[in-house]
Amino acid sequence: MKSDFLIAVTQLAAERHLPREAVVSAIEAALASAYKKDSLLAGQEISVTLDPANGELKLFSHKIAVDTVLEPQREISLVEAKKIEKGSAVGDVVLVEGDIQTTGRIAAQAAKQVVLQRLREAERDLVFEEYSGKEGDILTGTVQRVDSRNVTVDLGRTEAVSYTHLRAHETDSYLVC
């Protein structure tokens, strides 16, 4: 059975016209950011994975395998590293699974901001990919604003601005999305 969390991810992806993987990636980055701000995990390299099949979250701390542990937050003994990954050697980065815990209000707010920022970036990249191959094509749009030098046209998912440069004998017009 799908978790409510996965249903929300699917709905968010559909509403923003984004691939589901982009939303999952944004959420993983946001949760990792939130956990990095947590007092117990501060100073550690953290990653979070979300299993798209069942909605299970996993928290990993990245630790370097060493002979003698001097910084327990960043290092793991070679003996312990081999228990996690059999072929570990000194200097290898080992992913140590940690406990998912609740975070404070500030960390949750930071996670929300990271999700929103990543989703905006993904939307921007998607729109750019959609229109980057249409250079030189004729598109249909609705004129939104006209001023002395520019015309703003609504193309649906984005706006384009026409920069007009008037010269004595010719008119050049450039439409920029």
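Everything here concerns the structure above.
Undergrad: Looking at this structure, I do not really get the pattern of salt bridges. What am I missing?
TA: When their charged atoms lie close together, side chains carrying opposite charge are able to pair. Across all of its chains, the model carries four salt bridges by this definition. Arg-16 is the partner of Glu-123 in a salt bridge, and the nearest nitrogen-oxygen pair spans 3.3 Å. Linking Glu-123 in helix 4 (residues 105–132) with Arg-16 in the loop between helix 1 (4–15) and helix 2 (20–37), this pair joins segments that are 107 residues apart in sequence. The exposure class assigned to Arg-16 is partly exposed, which follows from its relative accessible area of 24%. Here Glu-80 makes a salt bridge to Lys-83, at a shortest N to O gap of 3.2 Å. Here Glu-80 and its partner Lys-83 are both found in helix 3 (residues 78–84), three residues apart, which amounts to about one turn of the helix. For Lys-83, a relative accessible area of 58% gives the class exposed.

Undergrad: How should a negative patch on the surface be read in this particular structure?
TA: A cluster of acidic residues, Asp-51, Glu-56, Glu-97 and Asp-99, forms a negative patch at the surface. Mapped onto the elements of the fold, Asp-51 is located in the loop between strand 1 (45–50) and strand 2 (57–66). Owing to a relative accessible area of 31%, Asp-51 belongs among the partly exposed residues under this scheme.

Undergrad: Honestly, helix 4 in this entry has me stumped. Any pointers?
TA: An α-helix turns once per 3.6 residues; consequently, residues spaced three or four apart project the same way. For helix 4, spanning 28 residues, the distance from its first C-alpha to its last is 40 Å, which sits close to the expected 40 Å at 1.5 Å a residue. Listed as buried for helix 4 are Ala-107, Ala-110, Ala-111, Val-114, Val-115, Leu-119, Ala-122, Val-127 and Tyr-131. Where helix 4 is buried, its residues touch helix 1 and helix 2.

Undergrad: So what exactly am I meant to see when it comes to the pairing of strand 2 here?
TA: As a general feature of sheets, a regular strand has side chains that alternate between the two faces. Of the strand pairs in this sheet, strand 1 and strand 2 are connected by six bridges, and their pairing is antiparallel. The residue of strand 2 that forms the bridge with Ile-46 is Ser-61. The turn joining strand 1 and strand 2, which pair antiparallel and follow one another in sequence, is formed by six residues; a positive phi near 80° is taken by Gly-55. Of the pairings in the sheet, the one linking strand 2 to strand 4 (residues 93–98) comprises six bridges and is antiparallel in character. Note on strand 4: the bridge partner recorded for Ile-64 is Val-93. The sheet contact formed by strand 2 and strand 3 (residues 75–77) spans three bridges and is parallel. Bridging from a neighbouring strand, Ala-65 pairs with Ile-76 of strand 3.

Undergrad: Looking at this structure, I do not really get a nonpolar patch on the surface. What am I missing?
TA: A grouping of Ile-64, Val-93 and Leu-95 is seen on the molecular surface, where their side chains present a nonpolar patch of about 230 Å² in accessible area. Position of Leu-95 among the secondary structure elements: in strand 4.

Undergrad: Would you explain helix 2 in this entry?
TA: For helix 2, with 18 residues, the first-to-last C-alpha span of 26 Å sits near the 26 Å given by 1.5 Å per residue. Within helix 2 the residues assigned to the buried category are Val-23, Val-24, Ala-26, Ile-27, Ala-29, Ala-30, Ala-32, Ser-33, Ala-34 and Tyr-35.

Undergrad: Can you help me understand the environment of Asp-4 in this one?
TA: For Asp-4, the position within the fold is in helix 1. Judged by relative accessible area, which is 69%, Asp-4 ranks as exposed. Note: C-alpha distance between Asp-4 and Gly-55 (51 residues apart in sequence) is 8.5 Å.

Undergrad: Would you take a moment to explain unusual backbone geometry for this structure?
TA: The bulk of non-glycine residues show a negative phi, and the bulk of peptide bonds are trans. Despite not being glycine, His-17 has its phi angle at roughly 55°, a positive value. Position of His-17 relative to the elements: it lies in the loop between helix 1 and helix 2. On the basis of relative accessibility, which here comes to 52%, the residue His-17 falls in the exposed class.

How each quantity is defined
Residues numbered from 1 in each chain as written. Predicted model: local features only at pLDDT ≥ 70, side-chain atom pairs only at ≥ 80, totals over all residues. Heavy atoms only, no water. Salt bridge = Lys/Arg side-chain N within 4 Å of Asp/Glu carboxyl O. Helix = DSSP H or I, 4+ residues; strand = E, 2+ residues; numbered from the N terminus. Buried < 20%, exposed > 50% of the residue type's maximum accessible area, 1.4 Å probe, protein only. Patch = residues over 30% accessible without salt bridge, like charges linked within 9 Å, V, L, I, M, F, W, Y side chains within 5 Å. Areas by Shrake-Rupley, 256 points an atom, 1.4 Å probe, with all protein chains shown as cover. Lys, Arg positive; Asp, Glu negative; His and termini not counted. Charge placed at Lys NZ, Arg CZ, Asp CG, Glu CD. Expected span 1.5 Å × (residues − 1). Contact = heavy atoms within 4.5 Å. Pairing = 2+ DSSP bridges.

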